Amino acid sequence: MDVTEAQEDFVASTMYSLAEAKIFTENQPFAIYDEEQMVGFIMYSLDPDDNQYWVTRLLIDEKFQQKGYCSLAMKNILKLIKNEFNPKCVYTSFEPENKVAEKLYLKLGFLHTGRIIDDDELVLEYIY
Ligand SMILES: CC(C)(COP(=O)(O)OP(=O)(O)OC[C@H]1O[C@@H](n2cnc3c(N)ncnc32)[C@H](O)[C@@H]1OP(=O)(O)O)[C@@H](O)C(=O)NCCC(=O)NCCS
């Protein structure tokens, strides 16, 4: 699963994320499929520090972008987290330059929190 060169600063590689999930088992990684075709990668985590659910990784392979997969995958993971754990909210974060991700997440119902993590990432909250 590859993103464009310009997008590489916005997201860790899938290989890195899978290694992270293997070591830190609070991470739950998923491949995103359309029928038999793998189109992307998504991961959520129950953060042991704040005890909140976070969508920590989301990417759609460059060949399959702008076909609606990200929106669908995010909606599905929000449903999955709700059904399994029924939290009040879910968090995610993005690089401030990543205007595509920001617009997309806001359209899905995420709200700005004003919080910044990892030096510069803006935190969004989805309230069920
Ligand atoms: C951000 C990303 C996940 C979006 O995936 P996607 O499957 O292309 O998104 P969708 O097809 O669901 O598009 C949703 C909306 O974003 C818009 N969009 C997606 N890519 C876009 C682009 N490159 N330029 C402009 N608009 C774009 C779509 O037009 C659509 O808008 P609409 O709802 O108004 O019609 C994908 O670009 C990606 O993997 N980027 C690199 C990794 C990354 O940034 N991940 C997020 C980290 S926080």
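Small disclaimer: the values here were computed from a predicted structure and weren't measured. (Residues numbered from 1 in each chain as written. Predicted model: local features only at pLDDT ≥ 70, side-chain atom pairs only at ≥ 80, totals over all residues. Heavy atoms only, no water.)

1. Considering the overall build of the protein chain
Reasoning step 1: When helices and strands are counted, the protein chain shows 3 helices and 6 strands.
Reasoning step 2: The order of α-helices and β-strands along the protein chain, N terminus first, is α-β-β-β-α-β-α-β-β.
Reasoning step 3: Dimensions of the protein chain, computed from the C-alpha atoms along their principal axes, are close to 35 × 30 × 25 Å.
Reasoning step 4: Residue burial in the protein chain is summarised as follows: out of 128 residues, 38% are buried.
Reasoning step 5: In the protein chain, once contacts between residues fewer than 6 apart in sequence are set aside, the share between residues at least 24 apart is 52%.
Reasoning step 6: On the protein chain, roughly 8100 Å² of surface is accessible, and the fraction owed to carbon and sulfur atoms is 50%.
Reasoning step 7: Measuring between centres, the 12 positive side-chain charges of the protein chain sit 9 Å from its 23 negative side-chain charges. (Helix = DSSP H or I, 4+ residues; strand = E, 2+ residues; numbered from the N terminus. Buried < 20%, exposed > 50% of the residue type's maximum accessible area, 1.4 Å probe, protein only. Contact = heavy atoms within 4.5 Å. Areas by Shrake-Rupley, 256 points an atom, 1.4 Å probe, with all protein chains shown as cover. Lys, Arg positive; Asp, Glu negative; His and termini not counted. Charge placed at Lys NZ, Arg CZ, Asp CG, Glu CD.)

2. Re the side chain of Glu125
Reasoning step 1: By the secondary structure assignment, Glu125 is in strand E6 (residues 121–127).
Reasoning step 2: One polar contact links Glu125 to Tyr91, side chain to side chain, over a distance of 3.1 Å.
Reasoning step 3: Filtering out sequence-adjacent residues up to four positions away, Glu125 remains in contact with Cys89, Val90, Tyr91, Gly109, Phe110, Leu111 and Thr113. (Polar contact = N/O pair within 3.5 Å; in protein donor to acceptor, adjacent residues only side chain to side chain.)

3. Things to note about the environment of Lys67
Reasoning step 1: Here Lys67 shows up in the loop between strand E3 (53–60) and helix H2 (69–85).
Reasoning step 2: Exposure remark for Lys67: the relative accessible area of 53% places this residue in the exposed category.
Reasoning step 3: Sequence separation between Lys67 and Tyr33 is 34 residues, and the spatial gap between their C-alpha atoms is 13 Å.

4. Regarding the packing of aromatic side chains
Reasoning step 1: Here the structure, examined in full by the defined rule, presents 8 aromatic pairs.
Reasoning step 2: Ring centres of Tyr53 and Phe85 lie 4.7 Å apart, and the angle between their planes is 20 degrees; on these two criteria the pair is classed as stacked. Of this pair, Tyr53 sits in strand E3 while Phe85 sits in helix H2, placing them 32 residues apart in sequence.
Reasoning step 3: Pairwise contacts between aromatic rings join Phe30, Tyr44, Tyr53 and Phe85 into one cluster.
Reasoning step 4: One Lys or Arg, Arg115, reaches over the ring of Tyr91 and ends 5.9 Å from the middle of that ring. (Phe/Tyr/Trp six-rings, centres within 6.5 Å; stacked < 30°, edge-to-face > 60°. Lys NZ or Arg CZ within 6 Å of the ring centre and 35° of its normal.)

5. Considerations on the pattern of salt bridges
Reasoning step 1: In the structure shown here, the tally under the stated rule is 3 salt bridges.
Reasoning step 2: Salt-bridge contacts for Arg57 lead to Glu20; the nearest nitrogen and oxygen are separated by 2.9 Å. Placement of the pair is Arg57 in strand E3 and Glu20 in helix H1 (residues 14–23), with a sequence separation of 37 residues. Like Arg57, the residue Glu20 is buried in the burial classification.
Reasoning step 3: A salt bridge links Lys63 to Asp61, with the nearest nitrogen and oxygen atoms 3.2 Å apart.
Reasoning step 4: Since its relative accessible area comes to 59%, Lys63 is described here as exposed.
Reasoning step 5: The class for Asp61 is buried, based on a relative accessible area of 3%. (Salt bridge = Lys/Arg side-chain N within 4 Å of Asp/Glu carboxyl O.)

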